[in-house]
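A closer look at the structure
Each chain, letter by letter, is given below.
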Amino acid sequence: LNRWYDTVDENASPDDVFWEEMERQRLLAKVGESPSNDSPMQQQSAMDSNMNSLYASIGNTNGMGGSSTTTTQSQQSLAKTNSLLKMAAMNGQTQRSADATLSEYSAFAVSDNWLDEELVWMMNDDNLYDYNQDEEHVKSLDEQLDEWEAMEDSDDDLTEDDEDDAATAWMQSDEPWDHWGEAQLEKKQEKREQEWKKQQQQSAANGNDESNRRKVLERKFARADEFLFDPNEMDDEAAQLENEQMEQETLARLAQLSLHSPRLERAQSSPNARAFFQREPDTLEGYDRLWVSAIDNVCFKNLVGIFSNYGVQFADNFGDWQDGSMYDSLDATIEDIASYKARLVYNITGLPCIASRTSFEIEPIPELNTGMSAMTPQGGRSAIANANPRVASGYRFNDVGMHVDYICDAMRPLSEPERVTRFKTCLCFYDGEMELFDYGICDVDLYFSNSLRTFIPMSQAINEMMQKLALTFGLEYQAWLKSRLEEGRIAGAGGAALGSASLKLRDRVLKEGKVLPNEIIDVSAFMDSKVDVNLMDECAKELANRFVNVKPSKILTVATTGLVIALPMAKYLQVPVVYARKERNVVMADTFKAGYSSKTVGKNRELLVSKSHLEEDDRVLIVDDFLSSGASQEALLRIVADSGALSVGVGVLLEKGYDSGRQSLSGFDVPIHSLCRIASVKDGVIQLEEEAGFDRMKKKKEQQDKEKQSQSS
């Protein structure tokens, strides 16, 4: 407000000077005062007088308590209180400017949102100040300019053609779904137009525009299954009733919300939107899932960048949500709003949705324990509240926007720089059956706080949600790229065809393999007591190509069965082989050991590896002949973990797909590759699984057969 005495910028235009003075006059009028005619020296004298009166009241109060009982803690608290009081009275014009800004957000004021836990023990429980939160909203200069521009734009009356265009605005929109599948939808266009006309007639008969808008968006929210970590709770009738009650309470809260998205309304009304959202993901770009989002538009690229690495493609983002009532802005929680948006978008698009909502809080000035009487008007926080209660109060917003910058700019000159503000983002995932929540929190000192800090908790929440969804749906990082690289390596290995060694191994298993009691498979004719070295060399070359990208430095296997594949693999990878013994010998003084059990060797067995063979910086590849229950591979992985080295993968020749080996090793989060997977040994007959590579070869062969038939016909 003291800018009137500042030197005018030499580059300022007359309009700039005029509008600057208009803003100054508006702020003065808002607080009910007229511009001061006092000189700057008189204003400074008045400010010093206010400061002297404030400190005099503190000095009188301190005298009541006695100097002999003052501790170091109370002195520090008093110093902090004096600092706050000094800022609260530093400039009367600054106070009036802050008061004018904060009065617009008085409805969001709270008194108990303490964010700095270290200050809680310094505060008293009583709250000695109060203020009127129902201040009349005074339009800012920007709002007045926006209204003026809107009035200028709407001077001309709408013609009859304009009214017709407004009624069919969705047909003129340029949304992505409006241009989707035009050639494929020609046959269904007539039917959709009839359905659209019928909906229009029903909407016209149901009431006014507001009720029609609500009916377009209104859906009965489906119940979402929650994660229950104790499976026994599902069998408990009381727990089920409690979950039912919680779900009903959630639905009741969501029914009170009235947020709406104009783009979502257009998608609901467009006849092409259904085909747009039901399309297949772009598999050529590596996507295998199609989802949709409802987060802030500025954060959408961050979401796409992280989820695209896991094969998730987003059809669209609905980021233009608007609050429909005061309940949406004041009383609703960020969890309810995120859940409402996710469920509503899912009901309209039919795709799994990730929605967000971010809140912003400023903690109140704490009631510091200075040794003064809590009931003394000048003591502790009460003196600060009397000086400017709006500055002393805390604030909580369940959304972020320009108001974050406005309120921070108003409070920054009158508050301690380390006054805590908090940005909290809630992400909600909903797919019709499951609902997941995750959060990101960022505490920022008021001195550095602004709306740009929203990106920090949003990024944190997106990463946390990605990890949770990857675990839930089994998503693999860059799985498409890895599969392409592996195919290229296998195809280029010595000019051999895709999976040539695997084909040979499969043929030998079907021809020479035998099923023994207890589902034991006997392949001793070519890879146990009798070894086909040429076959093992080809298999080792193919399996080694699958692990080139993980860059192993050592191979760890079990003596002696695992050596038939480990030794030739080490030749192609050019790394040493370390094998675990089942019994200790004289040269193994200090060893790592791990217990395991299997059907072939029995129970309570041990694997031993000399500690001098594994180092902390090693990247160890586990290699074995069979993967059955996973017991021996798990023992080797535990030995690697004990040594401090890193496990980079598990490679085997044969895998019993009907056993639990792969599942038991899933917790180690390492890639597992096998050349041949056995699906079943029922009735003594070996049945093999069709691998992905063989499926492609089969399809390619079928396509070639069809081309030959078409050419012959």
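So, here's what we can say about the structure. Just so it is clear, the model here is predicted, and its values are computed rather than measured. The written sequence of each chain sets the order in which its residues are numbered from 1. Residues qualify for local features only when their pLDDT is at least 70, as the model is predicted, and side-chain atom pairs are given and counted only at 80 or more; totals for whole chains, interfaces and linings, by contrast, use all residues. Excluded from the side-chain calculations are hydrogens and water; all other atoms, namely the structure's heavy atoms, are used.

Secondary structure assignment for the chain yields 27 helices and 17 strands. Each residue is placed in one exposure class: buried if its accessible area under a 1.4 Å probe, protein chains only, is under 20% of its type's maximum, exposed if it is over 50%, and partly exposed if it falls in between. Burial status across the chain gives 42% buried among its 713 residues. Contact between two residues is taken to exist if any of their heavy atoms lie within 4.5 Å; hydrogens are not considered. Pairs at least 24 apart in sequence give 71% of the contacts found in the chain among residues at least 6 apart. The protein chains shown are the only cover counted for residues, whose accessible areas, like all others here, come from Shrake-Rupley with a 1.4 Å probe. Roughly 39000 Å² of accessible area belongs to the chain as shown, and the carbon and sulfur atoms make up 48% of that amount. Elements are defined by DSSP. Helices are runs of H or I of four residues or more, strands are runs of E of two residues or more, and each kind is numbered from the N terminus.

Turning our eyes to something else, we now look at the packing of helix α10 (residues 237-255) against helix α15 (residues 334-349). Where helices are involved, their axes are fitted lines through C-alpha atoms of the stretch in contact, as for all axes, and angles between N-to-C directions lie from 0 to 180°. The N-to-C vectors of α10 and α15 enclose an angle of 85 degrees; their axes lie 10 Å apart at closest approach. The pairing of α10 with α15 is recorded here as roughly perpendicular in orientation. Seen from α10, the contacting residues are E247, L251, R253 and L254; seen from α15, they are D336, S339, Y340 and R343. Looking at side-chain class alone, the contact of α10 with α15 contains 3 nonpolar, 1 polar and 4 charged residues. Throughout, the term roughly parallel applies to angles under 35 degrees, roughly antiparallel to angles over 145, roughly perpendicular to angles from 65 to 115, and oblique to all others. Side-chain classes are defined by residue name, with Ala, Val, Leu, Ile, Met, Phe, Trp, Tyr, Cys and Pro counting as nonpolar, Asp, Glu, Lys and Arg as charged, and the others, Gly among them, as polar.

Two faces make up the sheet, and in a regular strand the side chains alternate between them. With 5 of 5 residues buried, strand β10 (residues 554-558) is to be regarded as a mostly interior element. Of the two faces of β10, the one holding K554, L556 and V558 and the one holding I555 and T557 are both buried throughout. When β10 meets strand β14 (residues 619-627), the two strands line up parallel, connected through 3 bridges. Across the sheet, residue I555 finds its bridge partner in β14, namely L621. Pairing between two strands is assigned when DSSP locates at least 2 bridges connecting them. Of the strand pairs in this sheet, β10 and strand β11 (residues 577-580) are connected by 4 bridges, and their pairing is parallel. Looking at β11, one finds that V558 is bridged to A580. As for the winding sense of the linkage, the β-α-β connection from β10 through helix α24 (residues 563-573) to β11 is right-handed. By convention, orient the strands away from the viewer: a clockwise path from the first strand over the helix to the second makes the crossover right-handed.

Within this analysis, patches are made of residues with over 30% relative accessible area and no salt bridge. Like charges are joined at 9 Å or less; nonpolar side chains (Val, Leu, Ile, Met, Phe, Trp, Tyr) at 5 Å or less. In what follows, salt bridge is the name for a side-chain nitrogen of Lys or Arg lying within 4 Å of a carboxyl oxygen of Asp or Glu. The grouping of F18, W19 and M22 at the surface amounts to a nonpolar patch, some 300 Å² of accessible area in total. Mapped onto the elements of the fold, M22 is located in helix α1 (residues 14-30). Relative accessible area serves as the criterion here: at 37%, M22 is assigned to the partly exposed category.

Moving on: the packing of helix α23 (residues 533-546) against α24. At their nearest, the axes of α23 and α24 sit 8 Å apart, and the two run at 55 degrees to each other. Overall, the two elements α23 and α24 adopt an arrangement that is oblique. Between α23 and α24 lies a crossing of right-handed hand. Residues M536, D537, C539, A540, K541, L543 and A544 of α23 pack against V564, I565, P568, M569, K571, Y572 and L573 of α24. Class assignment for the residues of the contact of α23 with α24 results in 11 nonpolar, no polar and 3 charged. By the definition used in this description, the sense in which the near helix is turned from the far one sets the handedness, with an anticlockwise turn below a right angle giving left-handed and a clockwise turn giving right-handed.

The next subject is the packing of aromatic side chains. Between 30 and 60 degrees the pair is tilted, below 30 it is stacked and above 60 it is edge-to-face, where a pair is any two Phe, Tyr or Trp rings, Trp via its six-membered ring, whose centres lie within 6.5 Å. Counted according to the given criterion, the structure contains 15 aromatic pairs. Ring centres of F360 and F397 lie 6.4 Å apart, and the angle between their planes is 25 degrees; on these two criteria the pair is classed as stacked. A residue pair is termed long-range when its members are at least 10 positions apart, and F360 in strand β4 (residues 353-362) and F397 in strand β5 (residues 394-397) qualify at 37 residues. Owing to a relative accessible area of 0%, F360 belongs among the buried residues under this scheme. Three or more aromatic residues joined by ring pairs make a cluster, and in this case those are W291, F300, F307, F314, F429 and F473. Two conditions define a charge located above a ring, namely a distance within 6 Å from the ring centre to NZ of Lys or CZ of Arg, and an angle within 35 degrees of the ring normal. Over the ring of F276 we find R279; its NZ or CZ atom is 4.3 Å from the centre of that ring. Taking the ring centre of F592 as reference, the NZ or CZ of K611 above it sits at 5.4 Å.

Further remarks concern the nonpolar core. Counting 35 residues, the largest nonpolar core has L505, I555, M569, L653 and L654 as its most contacted members. At the level of secondary structure, the elements contributing two or more residues to this core comprise α21 (500-512), α22 (524-527), α23, α24, β14, β15 (646-656) and β16 (672-680). Leaving out residues up to four positions away in the same chain, L505 has contacts with F526, L535, C539, L653, L654, L675 and C676. Residues enter a nonpolar core if they are buried and are Ala, Val, Leu, Ile, Met, Phe, Trp, Tyr or Cys, with the set joined through side-chain atoms within 4.5 Å.

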